[in-house]
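A structural walkthrough
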Amino acid sequence: MPNQSRSSVPFGWRRFVRGGCVAALAFVGTMLVGMVCDVAPAHAQDPSIARTSGRGATTFKKPSADLLPSTKIDRSQPLFLQGDQLVYDNSGNSVTARGNVEIYYNNYVLTADEVVYDQSANTLTAVGNVILREPNGNVIRADRYTLTDDFRDGFVQSLSVVAKDDTRIAAQRASRREGNVTEFSDAKFTPCKSDGGMPPLWCISARRITHDQQAATITYNDAQFEIFGQPIAYLPYFQHADPSVKRRSGFLPPSFGTSTDLGFSTTVPYYFALAPNYDFTFAPRYTTKQGVLYQGEWRHRLANGEYKIQMAGIDQRSGSLPDQVSAADREDLEGWRGSLKTQGKFSLASWWEFGWDVTLESDDTFRRFYGLDGRLITDRVNRVYFEGISDRNYFGASLYHFGGLLLDDSQRSESLAHPVIDYNYVFGEPVLGGELKWDSSAYSLSRDDVIGNGTSSSEFNQDTTRVVTELTWRRKLIDSIGITYTPFANLRGDVTQFHNYRDPQADPLSPNATILEDETSVHGVAAGGITVSYPWVASTAYAAHTIEPIGQVIARTQNVPKRSAPNEDAQSLVFDDTNLFDIDKFSGYDRYETGTRANVGVQYTFQMNTGGYARLLAGQSFQLSGDNPFADPGRIAYVKRSGYLEDQYVFNPSSGLDTSRSDYVLGAYIAPIDSFRFLSQSRFDEDTLGLRREDLFATASFGPLTVGANYTYTAADPEYGIDKSQQDISGNLALRLTDRWSVIGAMRYDIDDDFMLSDSVKLRYADECFVLTATYAERFYDETRDLDTDRTVYLAFEFKHLGLVDYKTDIFASDPANDN
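All figures in this text were calculated on a predicted structure; none of them were measured in a lab. (Residues numbered from 1 in each chain as written. Predicted model: local features only at pLDDT ≥ 70, side-chain atom pairs only at ≥ 80, totals over all residues. Heavy atoms only, no water.)

Next up on the list: the overall build of the chain. Within the chain one finds three helices and 47 strands. Of all 820 residues assigned to the chain, the portion counted as buried reaches 47%. Sequence separation of at least 24 residues holds for 53% of the intrachain contacts in the chain that already meet a minimum separation of 6. Here the chain has roughly 39,400 Å² of accessible surface; of this, 56% comes from carbon and sulfur atoms. (Helix = DSSP H or I, 4+ residues; strand = E, 2+ residues; numbered from the N terminus. Buried < 20%, exposed > 50% of the residue type's maximum accessible area, 1.4 Å probe, protein only. Contact = heavy atoms within 4.5 Å. Areas by Shrake-Rupley, 256 points an atom, 1.4 Å probe, with all protein chains shown as cover.)

As structure tokens, then:
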């Protein structure tokens, strides 16, 4: 028998070795598929539409194709075999390669102590330190494997697989039969690393795991889940789809919780894979106190968009509601309660989009009581929209439904906008050397209004329709010494028709309040002005300093009688540095500035060569002539849920612009380094320089510590009914204790009322295979109807490849001081 040492494969061997190696690689790879499949998370079967509920989200990367063997074999590529000794046994009709055997084919590398090809038995056997390295980085080890029956079936002893992401698979024996069924005996799987002989943090073991490629299923017999080598859960039998299946009907991971209001609860979702582009998830929540909350989610993806519908409902038992619920509210809440939430988004063309975001509910507290929404939500806004955006123009049409969720919200909080239309167009060619822009807006709105004398009221329908259009022109000029001149002009006109609207200038609580039954008003205003700035720049080797005085004068129509007209879109009025030089400082079109106004300020900018910067802008506004629209905004009435009639201003009466000389505004934006940001927007009294308003935000990172804070302050103004200042502070802190442990805290506090609004603390552990999150959160709420203070403990365990198991409880919701 001839010998050949460390030689390349002769040409006559190419067919044998190529066929045998391909089969070997495919077989061992198939075992890897099966072992990876046995831990595929159930939510991986969901369609590609992302879930907004958060279930199915994972901290770890999704299993990728790198975990699976490549099936792209280029049979035209040559195959090479090397060994210390190559033996031909003509009598036994076999060929043996011994000693440091290496097979190279299609970027696969197979090494072993010995490889024997028995042509009579049609088997290929690799023995001793068998290692297969795949192109994707996976490393597969075995003591011995044999391929039989034209390489379709086989047997492996002491299989070990290390995937590219360090996922480990081991089995005492593995066999393949019928060309597509792989069976593993005494198998273990873990994505966790282990050092010094310590067992991994967790693993899955099973007496037998069977992977049927044709049926695309993984079947487990006598499986158990182990933590540090100790079994904690056992299943005699279960089955699921392998990763090659994108979607298949079946149960999703359950969730558990306890609650003072709901008792013990568990949700067991079942996923229906109805078609490649739509599905349905039925997720009933079983509660010991309230019964069964039925939940379902329908998702549908079409060629040009997608939509989903979320449903929830329960047959409410009034006797199980919290003790603070009144008898009248219990009667109202008895029977079926529920909600329907739907969202959709569709691309109609390259520039056009249609969509909606709508929530319908039986009552204001259902979704918050059952944890479908946060308890601090104050408004319900439903919208259906149609939008088009191109390079220079925009068109949007929206239908709105506004609903208030505050305790005192009632009739006035419910209103319909049908529709709101906005159109903006920027002309492509310069006009008089500058830019010309055309803006238009229209809306139609309906609501139920009230009339009364402060203790009683009656309702009547109110309708408002308004159309406004305006042209704005501006041009920027720079002279030879660097002074910048920006002349501008604005022309606006509007038509408003309103029915049964209360005159804001009349006493809103008077039984004889003026009601404008059917009125149509036409208004217009023309404005023109110029902004002048002169930047002074000084540069050093490390930074540049810029000081820029800015002045602006705007002349408008002296007086436009708009105070008696409805105000729907200009109720929010905040005067700060961001709108100091705006042509109109109102937030909407229902109110606009009149008269002549001057705005002055100075801006300082510091820009470091390393990227750090600081910018300060301080200024003031002056009403030089004409009517000041920010003074005397007028009042409107509304009915609280209790039935008591109250009134409020049309917009903020103490904005700082209500006098001929405004308050001072200051904006500070500072970021000397990437890890520190500071933003402050302040307003100071024009006479005393006392602080009238402050919005502050800061964030910083120092090594393992990250902190952030928000502070808001509004000064008291008894003249306008604001008896005390309003101060609110919120903050968050994150500390990385080690490379695996971290703690995060957050809080929000009402300083004036000395009342904690919410707080939470979260402890998190994360390594390569396991994430533990423990959260304690408090949300304080005035006890009324079926809502009260919420204290929750939330535990979440996330296992790599397995998914998320969570547990939520508010067993600490009761006040220990009041417990008997």
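Turning next to the packing of aromatic side chains. A ring pair, where both rings are aromatic, is described by two values, the distance of the centres and the angle of the planes. Taken as a whole and assessed by the stated rule, the structure comprises 26 aromatic pairs. Ring centres 6.4 Å apart and planes at 35° place the aromatic pair Tyr-307 and Phe-346 in the tilted group. Taken together, the residues Tyr-307 in strand S21 (residues 305–316) and Phe-346 in strand S22 (residues 335–347) connect sequence positions 39 residues apart. Each member of the pair, Tyr-307 together with Phe-346, is buried. Linked through ring pairs, Phe-189, Trp-202, Phe-225, Trp-741, Tyr-765, Phe-770 and Phe-799 together constitute an aromatic cluster. (Phe/Tyr/Trp six-rings, centres within 6.5 Å; stacked < 30°, edge-to-face > 60°.)

Once that is clear, we can look at the state of the cysteines. One pass over the full model with this rule turns up one disulfide. Across the disulfide, Cys-192 is cross-linked to Cys-769 (sulfur-sulfur distance 1.9 Å). Note on the Cys-192 and Cys-769 pair: the S-S dihedral is about 100°, so by sign convention the disulfide is right-handed. Residue Cys-192 is found in the loop between strand S10 (181–190) and strand S11 (202–212), and its partner Cys-769 is found in the loop between strand S44 (755–766) and strand S45 (770–779); the two are separated by 577 residues along the sequence. For Cys-192, a relative accessible area of 1% puts it in the buried group. Cys-203 forms no disulfide, and the closest cysteine sulfur to it belongs to Cys-192, at a distance of 8.4 Å. (Disulfide = S-S within 2.5 Å.)

Moving on, we come to the pattern of salt bridges. This model, assessed by the stated rule, comprises 32 salt bridges. Linked by salt bridges that have partners in common, Asp-663, Arg-683, Asp-685, Arg-692 and Asp-717 make up one network. (Salt bridge = Lys/Arg side-chain N within 4 Å of Asp/Glu carboxyl O.)

Glancing now at the pairing of strand S31 (residues 515–533). Where strand S30 (residues 484–502) and S31 come together, 18 bridges link them in antiparallel fashion. Opposite Thr-496, over in S31, you have Ser-521 as the bridge partner. Here seven bridges tie S31 to strand S33 (residues 543–556), and the two strands are oriented antiparallel to one another. Its bridge partner being in S33, Thr-531 is matched across the sheet by Gln-552. (Pairing = 2+ DSSP bridges.)

Take the nonpolar core next. In this structure, Val-130, Tyr-145, Leu-159, Phe-184, Trp-202, Ile-209 and Phe-770 are the most contacted members of the largest nonpolar core, which totals 42 residues. With five residues, strand S5 (residues 108–118) is the single largest residue contributor to this core. Residues Ala-570, Leu-617, Leu-657 and Val-665 belong to the second largest nonpolar core, which totals 14 residues. (Core = buried A, V, L, I, M, F, W, Y, C linked by side-chain atoms within 4.5 Å.)

Examined against the element boundaries, Thr-531 turns out to sit in strand S31. At a separation of 2.9 Å, a polar atom in the side chain of Thr-531 contacts the side chain of Gln-552. Every residue in contact with Thr-531, bar those within four places of it in the chain, is listed here: Thr-484, Tyr-485, Thr-486, Phe-488, Ile-550, Gly-551 and Gln-552. (Polar contact = N/O pair within 3.5 Å; in protein donor to acceptor, adjacent residues only side chain to side chain.)

Turning our attention to a negative patch on the surface. Residues Asp-315, Glu-331, Asp-332 and Glu-334 make up a contiguous surface patch of negative charge. Along the chain, the position of Asp-332 falls in helix H2 (residues 327–333). On the accessibility criterion, Asp-332 (54% relative accessible area) is exposed. (Patch = residues over 30% accessible without salt bridge, like charges linked within 9 Å, V, L, I, M, F, W, Y side chains within 5 Å. Lys, Arg positive; Asp, Glu negative; His and termini not counted. Charge placed at Lys NZ, Arg CZ, Asp CG, Glu CD.)

When pLDDT is low, close inspection of the predicted coordinates is not appropriate. Across the chain, the average pLDDT comes to 81, with 81% of residues at or above 70. With pLDDT under 50 throughout, residues 1–56 is counted as low confidence; its partners more than four residues away or in other chains account for 176 contacts. Every residue in residues 811–820 scores below 50 in pLDDT, and together they form nine contacts with partners more than four places removed in sequence or on other chains. (pLDDT = per-residue confidence, 0-100.)

Let us look at the environment of Gly-396. With respect to the secondary-structure elements, Gly-396 resides in strand S25 (residues 393–404). Judged by its relative accessible area of 4%, Gly-396 falls in the buried class. When near neighbours in sequence (up to four residues on either side) are disregarded, Gly-396 contacts Phe-386, Glu-387, Val-420, Ile-421 and Asp-422.

Together, Phe-272, Leu-274, Phe-282, Tyr-294 and Trp-336 make up a nonpolar patch on the protein surface, roughly 520 Å² of accessible area in all. Relative to the helices and strands, Phe-272 resides in strand S17 (residues 270–275). Residue class for Phe-272 comes out partly exposed when judged on its relative accessible area of 31%.

Turning our eyes to something else, we now look at the pairing of S44. Where strand S43 (residues 741–750) and S44 come together, 10 bridges link them in antiparallel fashion. By the bridge assignment, Asp-750 is partnered in S44 with Phe-755. The antiparallel hairpin formed by S43 and S44 contains four residues in its connecting segment, where Asp-754 sits at a positive phi of about 50°. For S44 and S45, the ladder comprises nine bridges, and the chain directions are antiparallel.

As a further point, take unusual backbone geometry. Cis peptide bonds are those with omega within 30 degrees of zero, and the linkage from His-418 to Pro-419 qualifies with 0°. Within the secondary structure layout, Pro-419 lies in strand S26 (residues 415–426). Of note, the phi angle at Asp-222 is positive, near 55°, even though the residue is not glycine. Assignment of secondary structure puts Asp-222 in strand S12 (residues 217–227).

Note on placement: Ser-339 falls in strand S22. Side-chain polar atoms of Ser-339 contact the side chain of Arg-367, separated by 2.9 Å. Dropping the residues within four chain positions of it, Ser-339 is found in contact with Gln-310, Met-311, Ala-312, Leu-360, Glu-361, Phe-366, Arg-367 and Leu-372.

Once that is clear, we can look at the environment of Leu-293. If you trace the backbone, Leu-293 turns up in strand S20 (residues 291–302). Sequence spacing of Leu-293 and Ala-312 is 19 residues, and the spatial spacing of their C-alpha atoms is 6.8 Å. Sequence-distant contacts of Leu-293, defined by excluding residues within four places in its chain, comprise Ala-283, Pro-284, Arg-285, Gly-313, Ile-314, Phe-366 and Tyr-370.

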